[in-house]
Amino acid sequence: MIELQGLTKTYAGKRVVDDVSLTLQSGEFGVLIGPSGCGKSTTLKMINRLIPLSEGRILINGDDVTQLPVEQLRRRIGYAIQSTGLFPHWSVARNVATVPQLLKWPKARIDDRVDELMTLFQLDPAEFRDKYPHQLSGGQAQRVGVARALAADPEVLLMDEPFGAVDPLTRETLQAEMRRVHAQTGKTIVFVTHDMDEALALATRIALLNGGRLVQYERPIEMLVDPADDFVREFIGQADLGLKLLSRRFVHQYQRRARLAPETGLERLDEHAWLVDAEGRPSALAGARLDDADAITRVKPEWIATPEMSMKEALSRMVWYRVTALPVVDRDGRLIAEVGMPGVMGIEGDGAAREAAS
Amino acid sequence: MSVAAERSGRLRRAATGNLTLALLTLLLVGLTLGMSQLEPLFRALFPDLSQPLYSRDSFLNLMLAHIGLVLVSSLISVSVGVAAGLFVTRPAGREFEPMVSSLAAIGQTFPPAAVLAIAVPLAGFGFTPTIIALSLYGLLPVIQNTIAGLGTVPASTREAARGNGMSAWQILWRVELPLAMRVIIAGVRVSVIINIGTATIGSTVGAKSLGTPLIAGLVGNNLAYVIQGALLVGLLAIVTDLAFERLERRYTFG
């Protein structure tokens, strides 16, 4: 648990962080967000004392951070930054092992931990252990940076715009990985970004700062549906609010029973229906194509949705592939349900999804 | 270029470099020990000279004395220079940076002959005033490159080192110095090469070096002596330079 109490930072008489108080429970993914100069990075860096605080208190699991020797404190807190900050003269394995080495773990334990973390971030240890940072792609380097931050199993992980310098596609992959790693490790994370979509994709709590002050501290859905003031409303952006909401909702909240096509009489169907193969995997769709409603179309892999997929992504695929329904499959690829355009509209109207998602 | 091709190209270049270095070292040792074997050659080249081979001292003695001068003065330059460069890049010494930089620059603008002239009345003739002059003269490149080398360490790398819980010493030893080493060594290389050349003027105040036959040749109008001294000094400088180049390459990352 991280508690900020009346946290203030003054530079030359100017309060760049002004009386910020919030509590982040253990295992939560907290995102500090706001326009440039709002004090979000400063707030983050006061937690591991890279920047000394001027007033207030920071408690990690009840310990006042200013009461601990600073190096000892930082070894308890993982730290990942935008430009990775990997040590260019050290191999990937040695970079990941930075904090365990400082803590003088035995070599065998360090080696095991490095392999474990590289596997967690889907970097094959055999291939990547002995590579140097300059031999990595941006996404790989960033994974190593986060792996290094997690190496000594810290109580808290601080991340300062870690995905700010990678291309949008890699960023989404890294975000998905971060969600998975957070779910697997249950770490308490404080994450700084200026990108609302990134915050919505990751956060369990969002703290919106402006001019050094905490404007709203809320769960993502509540912030979207109930912004505290005009600044929050403006920062979230009104134009695609609907889509932003859908990015916090998941297919399993919207899916409905899939209708299987009858053996014969496909041409007389009044509604679309699915054909499955011997293993129960969706193979074709009768009807439901926007361009030719009567056609029977083979199911493309890109259509297939999973219960964990965000509704934003499902909707995007429907629009892109011009199909009004997607098959939803289980882990083995068997058809379990479908999700369709009418579903998106229907549930949105009665507010059921809002309850379900929050 | 593929990684494999780049690697094999680099290996080939390194191999050629090694061969050059080995051959030149052999030549240097050979000439130092066997200069007297070349007496017929010098006699043929300079038929007017009665004494075409410098023989008041062995070239081995002169070479060892020369290397001794360079070694001692460079050791002083490097330890003082690196220490000063480190000091002015730490938070405690940052305000001294302009002063140290200009002091070192002034050391460089003094002609070594002038420093010798000042040092002789203070330290007498011979080894000591030469060491003072050479040490002062070699200081600037070391200080400059130590400051520049530490400056090449990216701020993000330093921040990551701090954020991961390294102490100031650990950051210096494990991160800053290894990353700055290539540039620092380049400074030492310049300093040592300058000193190999400049050490010859030590002979004007009585310090034994490869400058001794050079000066004797200039004074006595004996071109053969000048060539013999200059040849060995030049070769020593080239061999040392190549050796430093190999050392620098070890500290290239990415």
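Residue positions within a chain follow its written sequence, with the count starting from 1. Chains carry letters from A onward and ligands carry numbers from 1 onward, assigned in written order. For this predicted model, a pLDDT threshold of at least 70 governs which residues receive local features, and a threshold of 80 or more governs which side-chain atom pairs are given and counted, while totals over whole chains, interfaces and linings are taken from all residues. With hydrogens and water stripped out, all remaining heavy atoms of the structure feed into the side-chain values.

Right, let's talk about the sheet that holds strand S12 (residues 282–286) of chain A for a bit. All names here are of chain A. Pairing is antiparallel in the open sheet, where three strands are placed in the order S11-S12-S13. At either margin of the open sheet sits one strand with a lone partner, and together these are strand S11 (273–276) and strand S13 (296–298). Strand-to-strand twist across the sheet, computed as the mean angle between neighbouring axes with direction ignored, equals 30°. Only strands that DSSP links by at least two bridges are regarded as paired with each other. Strands here are runs of E lasting at least two residues and helices are runs of H or I lasting at least four, both read from the DSSP assignment and numbered beginning at the N terminus. Bridge count for S11 against S12 is four bridges, and the pairing is antiparallel. Counted as the bridge partner of valine 276 is proline 282 from S12. The axes used here are C-alpha line fits, helices contributing only the stretch in contact, and every angle between their N-to-C directions lies in the interval 0 to 180 degrees.

What follows deals with a nonpolar patch on the surface. All names here are of chain B. Together, Phe87, Phe96, Met99, Leu103, Ile106, Phe110, Ile118 and Leu122 make up a nonpolar patch on the protein surface, roughly 810 Å² of accessible area in all. Contributing elements (two or more residues each) for the nonpolar patch: helix H4 (97–109) and helix H5 (112–123). Here the nonpolar patch takes three residues from H4, the largest share from any one element. Take isoleucine 106: it is sitting in helix H4. Patch building starts from residues that exceed 30% relative accessible area and form no salt bridge, then joins like charges within 9 Å and nonpolar side chains (Val, Leu, Ile, Met, Phe, Trp, Tyr) within 5 Å. Note on areas: these come from Shrake-Rupley sampling with a 1.4 Å probe, and a residue is covered only by the protein chains present in the view. By salt bridge we mean one thing: a side-chain nitrogen of Lys or Arg within 4 Å of a carboxyl oxygen of Asp or Glu.

Residues Val96, Leu117, Phe121, Met159, Met178, Phe191 and Ile206 of chain A are the most contacted members of the largest nonpolar core, which totals 49 residues. What makes two residues a contact is simply this: any of their non-hydrogen atoms within 4.5 Å. The residues touching isoleucine 206 of chain A, leaving out its near neighbours within four places in the chain, are Val31, Ile33, Met196, Ala199, Leu200, Gln216, Tyr217, Glu218, Pro220 and Met223 of chain A. If you look at the next biggest cluster of nonpolar residues, it comprises 42 residues, including Val142, Ala180, Ala199 and Phe244 of chain B. Buried residues of nine kinds, namely Ala, Val, Leu, Ile, Met, Phe, Trp, Tyr and Cys, make up a nonpolar core once their side-chain atoms join them within 4.5 Å. For each residue, the accessible area found with a 1.4 Å probe, counting protein chains only, is set against the maximum for its type, and the residue is called buried under 20%, exposed over 50%, and partly exposed in between.

Now for the pattern of salt bridges. Residue and element names in this part refer to chain A. On inspection of all chains with the given rule, the structure shows 30 salt bridges over all chains. Two residues, arginine 334 and aspartate 332, come together in a salt bridge whose shortest N-O distance is 3.3 Å. Residue classification places arginine 334 among the partly exposed positions, given a relative accessible area of 37%. Here the salt bridges share partners, and the residues they tie into one network are Lys107, Asp111, Asp115 and Arg129.

All names here are of chain A. Pairing is mixed in the open sheet, where six strands are placed in the order S6-S7-S8-S3-S9-S10. The open sheet has two edge strands with one neighbour each: strand S6 (77–81) and strand S10 (213–218). Averaged over all neighbouring strand pairs, the angle between strand axes comes to 15°, with direction disregarded. With five bridges connecting them, strand S9 (residues 205–210) and S10 associate as antiparallel partners. Residue pairing across strands places leucine 208 opposite glutamine 216, the latter belonging to S10.

Right, let's talk about the side chain of lysine 45 of chain A for a bit. Assignment of secondary structure puts lysine 45 of chain A in helix H1 (residues 40–47). Not counting residues within four places of it along the chain, the set of residues in contact with lysine 45 of chain A comprises Leu50, Ile51, Tyr79 and Asp160 of chain A together with Glu159 of chain B.

The next thing to look at is the packing of aromatic side chains. We describe a pair of aromatic rings using the distance from one ring centre to the other and the angle between the two ring planes. Two rings belonging to Phe, Tyr or Trp (six-membered ring only in the last case) form a pair when the distance between their centres is within 6.5 Å. Interplanar angles under 30 degrees mark stacking, angles over 60 mark edge-to-face geometry, and anything in between is tilted. Under the counting rule described, the total for this entry stands at eight aromatic pairs over all chains. On the basis of an interplanar angle of 10° and a centroid distance of 6.4 Å, the ring pair of tryptophan 169 of chain B and tryptophan 173 of chain B is categorised as stacked. Separated by four residues within a single helix, tryptophan 169 of chain B and tryptophan 173 of chain B lie in helix H8 (residues 168–198), roughly one turn from each other. By the burial criterion, tryptophan 169 of chain B is exposed, and tryptophan 173 of chain B matches it. Grouping aromatic residues by their ring pairs yields a cluster made of Phe29, Phe163 and Phe191 of chain A. Geometrically, a charge over a ring is one whose NZ (Lys) or CZ (Arg) sits within 6 Å of the ring centre while staying within 35 degrees of the ring normal. Geometry around tyrosine 11 of chain A places lysine 9 of chain A over its ring, the cationic atom sitting 5.0 Å from the centre. A cation sits over an aromatic face here: arginine 94 of chain A above tryptophan 90 of chain A, 4.0 Å from the ring centre.

To continue, consider the pairing of strand S7 (residues 156–160) of chain A. All names here are of chain A. Along S7, five of the five residues are buried, which leaves the element largely enclosed by surrounding structure. With burial as the criterion, each face of S7 is covered, one bearing Val156, Leu158 and Asp160 and the other bearing Leu157 and Met159. Two elements, S6 and S7, share five bridges in a ladder whose sense is parallel. Bridge pairing in S7 links isoleucine 77 to valine 156. Where S7 lies against strand S8 (residues 188–193), five bridges are found, and the strand directions are parallel. Residue leucine 157 lies in a different strand from S8, and its bridge partner there is isoleucine 189.

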